[in-house]
Protein chains: 2
Amino acid sequence: MSPSNRPIGVFDSGLGGLTVLKALQQLLPQENTVYLGDLARLPYGNKSAEVVCRYAQEAAAFLLGHSIKLLVVACNTASALALEGLQKRLSIPVVGVIVPGAQQAAKHTRNGRIAVLGTLGTIRSKAYHRALLDIQPSLCVFAQPCPLFVPLVEEGWLQGEVTTLVARHYIQPVIEFGADTVVLGCTHYPLLAPTLEAVLCPEVQLVDSAVATAQHVSTLLRLHALCANTPQASHLCFVTDEPERFAQQAERFLGHPLSNILLCRL
Amino acid sequence: MSPSNRPIGVFDSGLGGLTVLKALQQLLPQENTVYLGDLARLPYGNKSAEVVCRYAQEAAAFLLGHSIKLLVVACNTASALALEGLQKRLSIPVVGVIVPGAQQAAKHTRNGRIAVLGTLGTIRSKAYHRALLDIQPSLCVFAQPCPLFVPLVEEGWLQGEVTTLVARHYIQPVIEFGADTVVLGCTHYPLLAPTLEAVLCPEVQLVDSAVATAQHVSTLLRLHALCANTPQASHLCFVTDEPERFAQQAERFLGHPLSNILLCRL
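Residues numbered from 1 in each chain as written. Chains lettered and ligands numbered in written order. Predicted model: local features only at pLDDT ≥ 70, side-chain atom pairs only at ≥ 80, totals over all residues. Heavy atoms only, no water.

1. Things to note about the pattern of salt bridges
Rules: The rule for a salt bridge is simple: a side-chain nitrogen of Lys or Arg has to be within 4 Å of a carboxyl oxygen of Asp or Glu. Whether a residue is buried, partly exposed or exposed follows from its accessible area with a 1.4 Å probe, protein chains only, as a fraction of its type maximum: under 20%, in between, or over 50%, in that order. Helical segments are the DSSP runs of H or I of at least four residues, strand segments are the runs of E of at least two, and each set is numbered from the N terminus.
Tallied over the entire structure, the rule returns ten salt bridges over all chains. Between Arg245 of chain A and Glu242 of chain A there is a salt bridge, and its shortest N-O distance comes to 3.5 Å. Each member of the pair, Arg245 of chain A together with Glu242 of chain A, is buried. As a salt-bridge pair, Glu31 of chain B and Lys69 of chain B come within 2.5 Å of each other at their nearest N and O atoms. With Glu31 of chain B in the loop between helix 1 (18-27) and strand 2 (33-37) and Lys69 of chain B in the loop between helix 2 (49-64) and strand 3 (70-73), this pair connects stretches of sequence that are 38 residues apart. As far as the burial class goes, Glu31 of chain B and Lys69 of chain B line up, both buried. Several salt bridges share partner residues, and in doing so they unite Asp38, Arg41 and Glu58 of chain A into one network.

2. Quick look at the side chain of Ser13 of chain B
This is how the line gets drawn: Any two residues having at least one pair of non-hydrogen atoms within 4.5 Å are treated as being in contact.
Tracing the chain through its elements places Ser13 of chain B in the loop between strand 1 (8-12) and helix 1. Ignoring anything within four residues of it in the chain, the contact list for Ser13 of chain B reads Gly37, Asp38, Leu39, Leu42 and Tyr44 of chain B.

3. Considering the nonpolar core
Condition: Remark: nonpolar core denotes a set of buried residues (Ala, Val, Leu, Ile, Met, Phe, Trp, Tyr, Cys) joined through side-chain atoms within 4.5 Å.
In terms of nonpolar packing, the biggest core is built from 154 residues, with Phe149 and Phe246 of chain A together with Phe149 and Phe246 of chain B touching the most fellow members. Excluding anything up to four places from it in sequence, Phe246 of chain B contacts Gly14, Leu15, Leu18, Tyr35, Leu39, Cys237, Val239, Leu258 and Ile261 of chain B.

4. Some remarks on the sheet that holds strand 7 (residues 181-185) of chain A
All names here are of chain A. We count it as follows: Two strands make a pair as long as DSSP finds a minimum of two bridges between them. Axes here mean lines fitted to C-alpha atoms, for a helix over just the part in contact, with angles spanning 0 to 180 degrees between N-to-C directions.
Overall, parallel pairing links the four strands, which are arranged 6-5-7-8 in an open sheet. Two strands lie at the open edges of the sheet, namely strand 6 (140-145) and strand 8 (205-208), each paired on one side alone. Each strand axis lies, on average, 25° off the axis of its neighbour in the sheet, ignoring direction. Where helix 8 (residues 161-177) meets the sheet, it contacts strand 5 (113-118), strand 6 and strand 7, and its direction lies at approximately 170° from that of strand 6.

5. Re the packing of aromatic side chains
Selection rule: Note on aromatic pairs: the rings of Phe, Tyr and Trp (six-membered ring only in Trp) are paired at centre separations within 6.5 Å, and the planes decide the class, stacked below 30 degrees, edge-to-face beyond 60, tilted for the rest. We call a charge positioned over a ring when the NZ of a Lys or the CZ of an Arg lies within 6 Å of the ring centre and within 35 degrees of the ring normal.
Inspection of every chain in the model, using the stated rule, returns 14 aromatic pairs over all chains. When the centroid spacing of 5.6 Å and the interplanar angle of 45° are considered together, the rings of Tyr44 of chain A and Tyr55 of chain A count as tilted. Placement of the pair is Tyr44 of chain A in the loop between strand 2 (33-37) and helix 2 (49-64) and Tyr55 of chain A in helix 2, with a sequence separation of eleven residues. The pair formed by Tyr44 of chain A and Tyr55 of chain A is uniform in burial state, with each residue classed as buried. One Lys or Arg, Arg113 of chain B, reaches over the ring of Phe177 of chain B and ends 4.4 Å from the middle of that ring.

6. Here's the deal with the side chain of Ser218 of chain A
Residues and elements named next belong to chain A. Its place among the elements puts Ser218 in helix 10 (residues 209-223). Classification of Ser218 by relative accessible area gives buried; the value is 11%. Non-local contacts of Ser218, meaning those with residues more than four positions away in its chain, are made with Leu27 and Leu28.

7. Details of the confidence of the model for chain A
Which entries qualify depends on this criterion: In predicted models, pLDDT denotes the confidence assigned by the predictor to each residue on a 0 to 100 scale.
Within chain A, residue pLDDT values average 96, and 100% of them lie at 70 or more. ipTM for the predicted complex: 0.90, alongside a pTM of 0.93.

8. A word on the interface of chain B and chain A
This is how the line gets drawn: Note on terms: buried area is the combined drop in 1.4 Å-probe accessible area of two parts once they are placed together, counting the loss on both.
Between chain B and chain A, the contact holds 30 residues from the first and 30 residues from the second. Of the roughly 2500 Å² buried where chain B meets chain A, counting both sides, 60% is carbon and sulfur surface. When the buried area of chain B at its contact with chain A is split by residue, Leu148, Trp157 and Leu165 of chain B rank highest and sum to 20% of it. At the boundary of chain B and chain A, one finds two salt bridges.

9. As for the sheet that holds strand 5 (residues 113-118) of chain B
Residues and elements named next belong to chain B. Read from one edge of the open sheet, four strands run 6-5-7-8, paired in parallel fashion. Two strands in the sheet have a free side with no partner beyond their single neighbour: strand 6 (140-145) and strand 8 (205-208). Shown here is a sheet whose adjacent strand axes are inclined to one another by a mean of 25°, direction ignored. Relative to strand 8, strand 7 (residues 181-185) runs parallel, the two being bridged by four bridges. Looking across to strand 8, one finds that Thr181 is bridged to Gln205. Strand contacts of helix 8 (residues 161-177): strand 5, strand 6 and strand 7, with the helix running at about 170° to strand 6, the strand carrying the most contacts.

Laid out in structure tokens, this is it:
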């Protein structure tokens, strides 16, 4: 296989990264992909930097075994905690979701006040803080951990009284802060966008890094002369637990059914 | 060390098993204990039987390395999915939390209608069904998965509007079923007892298997002539991630602070 027709590798702890895979497949339909969901150890959001780095390295090693030409860390927690280490160790380009999301947020804001919603791991890492201030040091950033959002999304409770109450609890300090731009700093959160929009002031802009990440990948592929020219792209999917259950839930994230999901062990 | 003064090993995916450790320490204050919380891979409740069995075997092997004389699987999901395999492979007694909980529920019920609340893994395993019908085939059992309870407890949202609404959602079918006895089939759930009691009819009895499990351990130790006679019992605690955070949260489960928590890797 020519180097440019090798697949793009994408990994996440579970389902959330499928929002990034979806954006990639829409923007770059000619690209082959290999997705890995580490269901046997999810979630990553409430684990330490050491543990998340170890898991990310194991996921990267597995995908490298499938001859990927570029790696997308489609998980905010792993991007926040493990990206730098992966970029240092791997010889292929490694893309996270945080810098693309931060760039989009910095572009959107009018009042310079940006709020970031994320898992405990992502928020504690201050990765969005750093990325946003690198882009524009005058930005004012507020970070809000939302640990119950992932379980709610995993359960499919995307709307309704409970989810609205939980959203209100997390969003109240964001409203008080006066953000005009809110970064959905976890790949699960875009599925909560209707609930979040109902709770936030109507003029607040939600930023989902999936599309921005796909655009960043597209730029990098051109830069490294790695764009594929496959007439019919192939998409492989591996999970570390229960492929059948993953298939049932994947459609909600991907927008279309996912077939051919294989069990693997890291 | 004489065989009877070797410690009792207790493991769970995280904090929940501390409710069992607490009951053990209260009933058997002369016993040495070694606790293991597998925080790096929690929760177990939404993982497959294969994965939970593998994790349970690794936890057991670690505790055997600390010369335990008896193993308590202080996690309902692991008890439901991995107990039999552990009992077959290990030469020491292995105790789960399901049979003691089922025995207590069967003793309590007056109308023969018992509801079990648990994680998805525990409920799918039908382990409580089997245990209850083994004790009394005429019992009528209703099983309700409550996947959002563990994240709520882990976040410390033990009471309040959101937790009450989630509890009402899960408990409504239990009320319609007409149970007079409800098994808290996850070691996290006893912390939600005040909320559950407020949602259930006042005459319904909640069954928490922690005390029943400790009594079962006590019986087994006498039976195997393994009761300790240490003047001052020692308690070791290992976790696979973030000992400091575990220490902060442990008091809520154990009722007193936990010191001397060590990091380990399975």
